[in-house]
Amino acid sequence: MRTAALPNLKKRMYPRMHQWIWMTTLPLLLLAAIVLAPLLTPQDPYLITVGDRLLAPSEAHLLGTDHLGRDLLSRIIAGIRTTVGTSLLILACSLLIGVTTGLLSGFIGGLWDRLFQRIIDAFMTLPDYIFAVILSGLLGPGLSNLLFAVIAVKWVGYARLARSVALQEKEQDYTALAVLAGVPKFRIVLRHILPHCLGNVLVLAALDLGKIILMIASLSYIGLGPQPPAAEWGSMLNEGQVYFTAAPHLMLAPGAALMLTVLAANLFGDKLRDRFDVKTREEA
Amino acid sequence: MSSVNPVKPRNPLRLLPLLLILLLAACSPSPANTAEPAAAEHGQTDKSLTLLFNVQSNTLDPHTDVNYTAVRAGIAETLVRISNDLSLQPAVAESWSSEDGQHWTFVIRSGLTFQNGQPVDAAAVQASLERAQAVNPSVKNSLHIRELQAARQELTIITEKPYPQLPSDLVHPNTAIIAAELAESAPVGTGPFRFVSFQSGSQLKVERNEQYWGGTVQLAQASILFNEDANARLLALQAKSADIVYRPPVESFAQLQADDSLTLESLTGLRTHQLMYNMNNEALRSEQVRKALDALIDRDAIVGSVMSGQATAAQGPFLADAPFSPEYLPKQFSLDQAREAFAAAGYDVENGLVSRQGKPLSFCLLTYQSRAELPLISQLIQASAKELGIGLEIRQVDNIDEYLAASDDWDLATYSSITAPRGDASYFLNAAYTSGGALNYGNVQEPELEAMIDKLNGTVDEQERNRLARDAVSYIDAHMLNSYIVHPNNFVAFSNDVKNWVTSKSEYYLLTPELDVE
């Protein structure tokens, strides 16, 4: 019993440190890669050298070259900015729109809330991926249209969560007291209700990051994302598909990059959930 | 004395015939390839074959289908055929003649019937040609028919003016002769194969036409599947789910050549990959700008890399050795030459970058996936243009013909067409460079050139026709009305079990009566 209890005790002593290391390292690495991508690429990811096309991995090209002789490693690194950077941007925009509208709707209530609910219902009639495909298809291919389409389907989840927290918290005594004390509504939302929903929303957001990355890549894969010559993992998979039998590394490299990033994002999300979700923490 | 025969041990060899039968049964090919006794009695076999084609077809109507599937599949035939040496051969028409190039007499093959048993006489051919002209304006525009007269097996065609290339224009699959009913969903023609079923964009099944006029049809059934993914086509061939594959991925050549069970055929085709300019764009109306953009095309790099050597650099619309090809102006990939041409067109060129009133140039370049090399060629041009500070936005569309016909929001477009499928230049010149021409998507309007083409249309003498065609092509070349990039090879990979396959230079004929499988 004692031997079993000891590691638990240890775990309890340093849980925060472990979790914070997890929580900060991955986003920092991703952010660093996004910001420093142009400096990290060993070669110009857009430089076409037709004489070097479809080369196998070698010292000069660690991951080989693609169908236009571009260095694959450089394109994978440049793709971090397009794929992961775009996903983070989508996440930030969805959070901002979703949380703001959700909190206000829940707190103000009445007709506005009912109207807002119907809008949310309309957005949730279709699975988010199908909705994104339809929207992107209607808007046409391109990065900005892709951004719009994914934000349009992703903000809803945060709005619903934020609204439910706002509904719960506005019944609390401290909110009533703040109202009685004459604190402006916007300030009440910002100072008293927002902090309560932030933890849950962040957990949801972290768990969503992997899904958004996959959504971006899959929309690009079917040709609805950034257009050539943009380095984007999904479109690189699409381009490599034609050469799969002759040069499988064209699909394996972006596929592996995508898989590792989504895995890292999901692990990060799980850790964040463990940290903020009281229920899972107690179970652990 | 009674003798008791001892019980002999059973001879295991007695079972040998049975074992052999079982073995043979196990080794027999799939049921589709097995000869059925009933069919064999008639000297025919119940063999089937699957062909995987690279461009999908959404309709079977031979008069409107830009993919010519009904003719390629041997369902319908035209009055006249073209052989691989580009000579005209009789098909539905037994013979044809004209004294003045304006009044033509086509003798329809006697005793010929449609696959539904209906006789094919001159009236039926007239009805079919009238339908083709009614449903397809480009057929009407190219044939210039003023009047059709049918008398038993003789069809008289009177053209609006002397039109000597009429027989070669009647090779075009859109003029195929079909029975009037159900032309769109289940065409009935005179070809070696009858229609069985069609799934738009997916597959076509046909079966032997027992009454075929041209002799015994070897295959009992055949399927044409459509798949635009070159890799999927290759895998289907390797998995033996297809016997013939049109255009496997060019990168797989070495792999295919190493496979003893397959044959790879590659021959110079009559197709030309090209770059179209939209003349509705003010900048592209300038000849110098078009010349500058042409100088951004690295033809040698495209042949050597993108086409893996399976192509010839194109200097003009037709292969250089064609009798109607002039001495083309030399075309060179040179960024400096491009800069000079832009400067001559009045653009500012500073530090190697081209701009107008301080604004960089940008164009929208259309491309499509069904010819996998075209998006790559587009990216090569895009990279060269970037060196000059010119932005090329590549837009990939699904159906290029539909898009070009319906939209005008493009500046440049990669395109591919068979420019001289019938050994005559006039079809392409009429289609691509006359107002209202079926392939004049860029709205080229050159009265001088149109007059040349007009004169060509009315000339009978072949030498003179070739000379006029050369003049017209020289004009196109000098004014850079289109940029011609490469002539890709026609390549087909097929299983060694396939017999009598002939890769058609014109790409008009895939399933033939002689085609067989072991």
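Only a predicted model underlies this, so the values are computations on that prediction, with no experimental measurement involved.

Some thoughts on the packing of helix α15 (residues 447–457) of chain B against helix α16 (residues 462–479) of chain B
Residues and elements named next belong to chain B.
Okay, step 1: Packing of α15 against α16 brings their axes to within 9 Å, and their N-to-C directions diverge by 165 degrees. Considered as vectors, α15 and α16 are oriented roughly antiparallel to each other. Seen from above, α15 lies across α16 with left-handed handedness. In this structure, α15 contributes Glu448, Leu449, Met452, Lys455, Leu456 and Asn457 to the contact, and α16 contributes Arg465, Leu468, Ala469, Asp471, Ala472, Tyr475 and Ile476.
Okay, step 2: Residues of the contact of α15 with α16, tallied by class, amount to eight nonpolar, one polar and four charged.

Topic: the environment of Leu284 of chain B
All names here are of chain B.
Okay, step 1: Relative to the helices and strands, Leu284 is located in the loop between β13 (271–277) and α9 (287–294).
Okay, step 2: Between the C-alpha atom of Leu284 and that of Leu481, which follows or precedes it by 197 residues, the distance is 9.5 Å.
Okay, step 3: What Leu284 contacts, discounting residues up to four positions off in sequence, is Tyr277, Asn278, Met279, Val289, Arg290, Leu293, Phe363, Asp411 and Leu412.

A few points about the sheet that holds strand β4 (residues 93–98) of chain B
Residue and element names in this part refer to chain B.
Okay, step 1: The strand order β4-β5-β7-β6 describes an open sheet built from four strands, whose pairing is antiparallel. Of all the strands in the sheet, just β4 and β6 (145–151) have a single pairing partner and so form its edges. Direction aside, neighbouring strands of the sheet carry axes that sit 20 degrees apart on average.
Okay, step 2: Direction of pairing for β6 relative to strand β7 (residues 154–159): antiparallel, over a ladder of six bridges. Note on β7: the bridge partner recorded for Ile145 is Thr159.
Okay, step 3: Lying on the sheet, helix α4 (residues 122–135) is in contact with β5 (103–108), β6 and β7; it crosses β6 at an angle near 155 degrees.

Some thoughts on the packing of aromatic side chains
Okay, step 1: Within the structure shown, the criterion is met by 17 aromatic pairs over all chains.
Okay, step 2: Consider the rings of Phe123 of chain A and Phe131 of chain A, whose centres lie 5.7 Å apart with planes at 55 degrees: the pair is tilted.
Okay, step 3: Owing to a relative accessible area of 25%, Phe123 of chain A belongs among the partly exposed residues under this scheme.
Okay, step 4: The class for Phe131 of chain A is buried, based on a relative accessible area of 18%.
Okay, step 5: Between the aromatic rings of Phe428 of chain B and Tyr433 of chain B, the centroid separation amounts to 6.1 Å while the plane-to-plane angle is 85 degrees, which identifies the pairing as edge-to-face. Residues Phe428 of chain B and Tyr433 of chain B agree in their burial class; the two are buried.
Okay, step 6: An aromatic cluster is defined as three or more aromatic residues linked by ring pairs; in this entry it consists of Phe318, Phe324, Phe428, Tyr433 and Tyr484 of chain B.
Okay, step 7: Just above the ring of Trp213 of chain B sits the side chain of Arg109 of chain B; from NZ or CZ to the centre is 3.8 Å.

Here's the deal with the confidence of the model for chain A
All names here are of chain A.
Okay, step 1: On average, residues of chain A score 85 in pLDDT, and 89% of them reach the 70 mark or higher.
Okay, step 2: Looking at the elements of chain A, mean pLDDT is at its lowest for helix α1 (residues 2–13), recorded as 52, and at its highest for helix α3 (residues 72–108), recorded as 93.
Okay, step 3: A low-confidence stretch, residues 1–5 (pLDDT under 50), is modelled with zero contacts involving residues beyond four sequence positions or located in other chains.

Remarks on the pairing of strand β10 (residues 221–226) of chain B
Residues and elements named next belong to chain B.
Okay, step 1: With six bridges joining them, strand β1 (residues 48–53) and β10 adopt parallel strand pairing. Looking at the pairing, Leu49 lines up with Ala222 of β10.
Okay, step 2: Relative to β10, strand β9 (residues 203–208) runs antiparallel, the two being bridged by five bridges. Paired with Val206 across the bridge in β10 is Ala222.

A few points about a nonpolar patch on the surface
All names here are of chain A.
Okay, step 1: A surface patch of nonpolar side chains, about 820 Å² in accessible area, is lined by Leu126, Tyr129, Ile130, Ile134, Leu138, Leu139, Phe148, Tyr221 and Ile222.
Okay, step 2: Ranked by the residues each element gives to the nonpolar patch, the list is headed by helix α5 (residues 128–139), at five residues.
Okay, step 3: Taking relative accessible area as the criterion, Leu138 reaches 71% and is therefore assigned exposed.

The rules we used
- Think of each chain on its own: its residues are numbered from 1, step by step along the sequence as written.
- Numbering of ligands from 1 and lettering of chains from A proceed in the order in which they are written.
- Residue-level local features of this predicted model are given only where pLDDT is at least 70; pairs of side-chain atoms are given and counted only at 80 or more, and the full residue set underlies all totals for whole chains, interfaces and linings.
- Each side-chain value is derived from all of the structure's non-hydrogen atoms; neither hydrogens nor water enter the calculation.
- Where helices are involved, their axes are fitted lines through C-alpha atoms of the stretch in contact, as for all axes, and angles between N-to-C directions lie from 0 to 180°.
- Numbered from the N terminus, helices here are DSSP runs of H or I no shorter than four residues, and strands are runs of E no shorter than two.
- The cut-offs work like this: below 35 degrees is roughly parallel, past 145 is roughly antiparallel, 65 to 115 is roughly perpendicular, and the gaps in between are oblique.
- Left-handed describes a crossing in which the near helix is turned anticlockwise from the far one by less than a right angle; the clockwise case is right-handed.
- Whether two residues touch is decided by their heavy atoms; if any such pair falls within 4.5 Å, the residues are in contact.
- Under the grouping applied here, Gly and all other residues not named as nonpolar or charged are polar, the nonpolar ones being Ala, Val, Leu, Ile, Met, Phe, Trp, Tyr, Cys and Pro and the charged ones Asp, Glu, Lys and Arg.
- Two strands pair under a simple rule: DSSP has to find at least two bridges between them.
- Pairing of aromatic side chains requires ring centres within 6.5 Å, counting the rings of Phe and Tyr and the six-membered ring of Trp. Pairs whose planes differ by under 30 degrees are stacked, by over 60 edge-to-face, and all others tilted.
- Relative accessibility thresholds used throughout: buried, under 20% of the residue-type maximum; exposed, over 50%; partly exposed, between the two (1.4 Å probe, protein chains only).
- Sitting over a ring, as applied to charges here, requires NZ of Lys or CZ of Arg to be within 6 Å of the ring centre and within 35 degrees of the ring normal.
- By definition, pLDDT measures how confident the predictor is in each residue, and it falls between 0 and 100.
- Patches here are clusters of residues that have more than 30% relative accessible area and form no salt bridge, with a 9 Å joining cutoff for like charges and a 5 Å cutoff for nonpolar side chains (Val, Leu, Ile, Met, Phe, Trp, Tyr).
- Only the protein chains shown count as covering a residue, and every accessible area follows the Shrake-Rupley method with a 1.4 Å probe.
- Only one rule defines a salt bridge in this text: a Lys or Arg side-chain nitrogen within 4 Å of an Asp or Glu carboxyl oxygen.

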